[in-house]
Amino acid sequence: MTTPVHPVDEVPPVHRLAAFGLQHVLAMYAGAVAVPLIVGGAMKLSAADLAYLITADLLVCGVATLIQCIGFWRFGVRLPIMQGCTFAAVSPMVLIGTTGGGLPAIYGSVIVAGLAIVLLAPVFGRLLRFFPPLVTGTVILIIGLSLLPVAGNWAAGGQGAKDFGEPRNLALAACVLAVVLGVQRFAPPFLSRIAVLIGMAVGLAVAVPFGFTDFRGVERADWVGISTPFHFGVPAFNASATVSMLVVALVTMTETTGDLIAVGEMTGRRADPRSLADGLRADGLSTVLGGVFNTFPYTAYAQNVGLVGMTRVRSRWVVAASGGMLVLLGLLPKLGAVVAAIPAPVLGGAGLVMFGTVAASGLRTLAAVDFKGNHNLTVVAVSVAVGMLPVGVPTVYERFPHWFQTVMNSGISAGCLTAIVLNLLFNHAPRMGASAVPEAGGLAGGGGEQSV
């Protein structure tokens, strides 16, 4: 009798691997190329250098995803996790690049940060007991809510677009959303699982005759492009740049921890301390590779977490196939330019479903938490409020020190840290006075088996 294969380890047929994998690539592509575009644009790099940054980023995105999904030795969580450049590093990198030594200083600090993540991974792995359902559900909810403005900006035409907010942009996004929902509701099971891909294909077909697309970048792109180590010079190791990037490393480790736990919940293979450490170690290795191959720090992408939850396709080999596609896009810039030509409203319509799915998954986790006779509702309320503050008011911390902004401007890390601290305060700190509420058991809804 053969041992049943866990859904995470199943290998779908090739045609399904390709379709599901392409869906993941399209879901994360805009976010992946945004980081090199923002950093390179702030540094006023030439068009050729910007194109080089993008192809290098896609190549390392693919390699990082393969490491995370397939794994080797103690590197890789072996779950369906898509890797991409972290937005938490954007502000520090722009500051380093424009005032503190250019790209060599950025890459030096990125390499040090990556090594630090590798070394700290086991420590973070042992912190898993501080992530009971109360905390994980809150963090997953915050991840989804904090991504919704991204989808909204895409739906309106993309932040900074001249036609931002035009009704035709929102109509195109609504068309994609309607197709995704229609396919999910009425199509056969296989098609319903690639509803996002079908919705984006229909959206692109509608966008072309109405002038939404611009394929001039495809004509200008090279057929083949190979990223070589230290293309922009030997890395420089600047003390202040390194310190700021180490703060970013702690933020990305916190965010990745939340994503790994979320995917573990969705796939039925919950992350344990060892697998969490392996996943963070893969993040660190990918970040080191980023510093060597002319790109930036890497982390798990929450939008693809939402796609896993929405499609219920749990195979890590699907996302590994996405990693292979990203490697091809990194080696064949013309293919990358074709994907880049997809209009922002098409991405926005799909993003509303995916990011909303992440938030709904958080609510599902919180549904198992006991809220009677304890302070768990306060933990969720304040954590969500703190997490949403920089999302709703992006300039709220602009007068604070740079290191503080790096941590708190990420709604995910701010909300996660708040949830951990409040859970410890209300459910673990010694209670004083007669008004104390009796503990509900365990780690605030996490069950007795997770108590510290």
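Residues numbered from 1 in each chain as written. Predicted model: local features only at pLDDT ≥ 70, side-chain atom pairs only at ≥ 80, totals over all residues. Heavy atoms only, no water.

## Quick word on the overall build of the protein chain
A count of helical and extended segments in the protein chain gives 18 helices and two strands. The globule rule puts the C-alpha radius of gyration for 452 residues at 22 Å, and the 21 Å found for the protein chain is close to it. Considered along the principal axes of its C-alpha atoms, the protein chain spans approximately 75 × 55 × 55 Å. Scored against the burial criterion, the 452 residues of the protein chain give a buried share of 56%. (Helix = DSSP H or I, 4+ residues; strand = E, 2+ residues; numbered from the N terminus. Rg over C-alpha atoms; globule rule 2.2 N^0.38 Å. Buried < 20%, exposed > 50% of the residue type's maximum accessible area, 1.4 Å probe, protein only.)

## Some words on the pattern of salt bridges
In this structure the tally under the stated criterion is five salt bridges. Between D278 and R281 there is a salt bridge, and its shortest N-O distance comes to 2.9 Å. On the criterion of helical spacing, the pair formed by D278 and R281 is a turn pair, its members being three residues apart in helix α11 (residues 273–292). A single salt-bridge network, built from bridges that share partners, covers D9, R269 and R316. (Salt bridge = Lys/Arg side-chain N within 4 Å of Asp/Glu carboxyl O.)

## Describing the packing of helix α10 (residues 239–267) against helix α18 (residues 411–427)
Packed helices, taken two at a time, are described by the angle their axes make and the gap between the axes. In the contact formed by α10 and α18, the axes pass within 9 Å of each other and the chain directions differ by 75°. In this view, α10 runs roughly perpendicular relative to α18, as classed from their interaxial angle. Contacts between α10 and α18 involve V251, T254 and E255 from the former and I412, S413 and C416 from the latter. Looking at the contact of α10 with α18 residue by residue, the classes come out as three nonpolar, two polar and one charged. (Axes fitted to C-alpha atoms, helices over the stretch in contact; angles between N-to-C directions. Parallel < 35°, antiparallel > 145°, perpendicular 65-115°, else oblique. Contact = heavy atoms within 4.5 Å. Nonpolar A, V, L, I, M, F, W, Y, C, P; charged D, E, K, R; others polar.)

## What about the packing of helix α12 (residues 302–311) against helix α15 (residues 344–366)?
Interaxial distance between α12 and α15 falls to 8 Å at its minimum, and their mutual angle equals 85°. On the basis of their axis angle, the class for α12 and α15 is roughly perpendicular. Contacts between α12 and α15 involve A302, Q303, V305, G306, L307, G309 and M310 on the former and, on the latter, V353, M354, F355, T357 and V358.

## Examining the environment of V90
Within the secondary structure, V90 sits in helix α3 (residues 90–99). Along the chain, V90 and V39 lie 51 residues apart, while their C-alpha atoms are 6.6 Å from each other.

## Let's talk about the side chain of S227
One can find S227 in the loop between α9 (216–220) and α10. Classification of S227 as buried rests on a relative accessible area of 9%. A polar contact is formed between the side chain of S227 and the side chain of N294, at a distance of 3.3 Å. Apart from residues lying up to four places away in sequence, S227 is in contact with Y52, A56, L59, F293 and N294. (Polar contact = N/O pair within 3.5 Å; in protein donor to acceptor, adjacent residues only side chain to side chain.)

## Let's talk about the nonpolar core
With 108 residues, the main nonpolar core has M93, I106, V196, M245, F296, L326 and M354 as its most contacted residues. Apart from the residues lying within four places of it in its own chain, the contact partners of F296 are V35, P36, V39, L53, C85, M93, I106, Y107, V110 and G290. Judged by nonpolar contacts, the second largest core, of ten residues, contains I142, L366, V369 and V379. (Core = buried A, V, L, I, M, F, W, Y, C linked by side-chain atoms within 4.5 Å.)

## Focus on α12
With nine of ten residues buried, α12 lies mostly within the body of the structure. All buried positions along α12 are accounted for by A302, Q303, N304, V305, G306, L307, V308, M310 and T311. R312 occupies a position one or two residues after α12 and carries a positive phi of about 60°.

## What about α18?
Compared with an ideal rise of 1.5 Å per residue, which puts 17 residues at 24 Å, α18 spans 23 Å between its outermost C-alpha atoms and is within 8% of the ideal. When you tally the buried positions in α18, you get twelve out of 17 residues, the bulk of the element. Taken as a whole, α18 has its buried residues at G411, I412, S413, A414, G415, C416, T418, A419, I420, L422, N423 and N427. (Expected span 1.5 Å × (residues − 1).)

## Concerning the environment of P390
Considering the arrangement of structural elements, one finds P390 in helix α16 (residues 376–392). Measuring from C-alpha to C-alpha, the distance between P390 and Q405 comes to 9.7 Å, with 15 residues separating the pair along the chain.

## Digging into the environment of D57
Structurally, D57 can be placed in helix α2 (residues 47–70). Separated by 27 residues in sequence, D57 and G84 have C-alpha atoms that sit 8.2 Å apart. Residue contacts for D57: discarding those within four places in its chain leaves A32, V33, P36, C85, T295 and Y298.

## Digging into a nonpolar patch on the surface
Together, L120, V123 and L250 give the surface a local cluster of nonpolar side chains, amounting to about 220 Å² of exposed area. Tracing the sequence through the fold places L120 in helix α4 (residues 102–125). (Patch = residues over 30% accessible without salt bridge, like charges linked within 9 Å, V, L, I, M, F, W, Y side chains within 5 Å. Areas by Shrake-Rupley, 256 points an atom, 1.4 Å probe, with all protein chains shown as cover.)

## Points about unusual backbone geometry
Here R78, not a glycine, exhibits a phi torsion of approximately 60°, which is positive. Within the secondary structure, R78 is located in the loop between α2 and β1 (83–85). Classification of R78 as partly exposed rests on a relative accessible area of 24%.

## Details of the packing of aromatic side chains
Summed over the entire model, instances satisfying the criterion amount to seven aromatic pairs. An angle of 75° between the planes, with centres 5.5 Å apart, marks the rings of Y397 and F404 as edge-to-face. Y397 sits in the buried class, given a relative accessible area of 9%. Measuring from centroid to centroid gives 4.7 Å for F400 and F404, while their planes differ by 20°, and the two rings are stacked. Following the ring pairs from residue to residue traces out a cluster consisting of F72, W73 and F75. Its guanidinium or amino end placed over the ring of F212, R168 lies 4.1 Å from that ring's centre, counting from NZ or CZ. (Phe/Tyr/Trp six-rings, centres within 6.5 Å; stacked < 30°, edge-to-face > 60°. Lys NZ or Arg CZ within 6 Å of the ring centre and 35° of its normal.)

## Examining the confidence of the model for the protein chain
Close inspection of predicted coordinates is inappropriate for parts of the model with low pLDDT. When pLDDT is averaged along the protein chain, the result is 82, and 92% of the positions lie at 70 or above. The lowest-confidence element of the protein chain is helix α14 (residues 333–340), averaging 70 in pLDDT; the highest-confidence one is α11, averaging 93. Predicted confidence for residues 434–452 stays below pLDDT 50, and this span has 42 contacts to residues more than four positions away or in other chains. (pLDDT = per-residue confidence, 0-100.)

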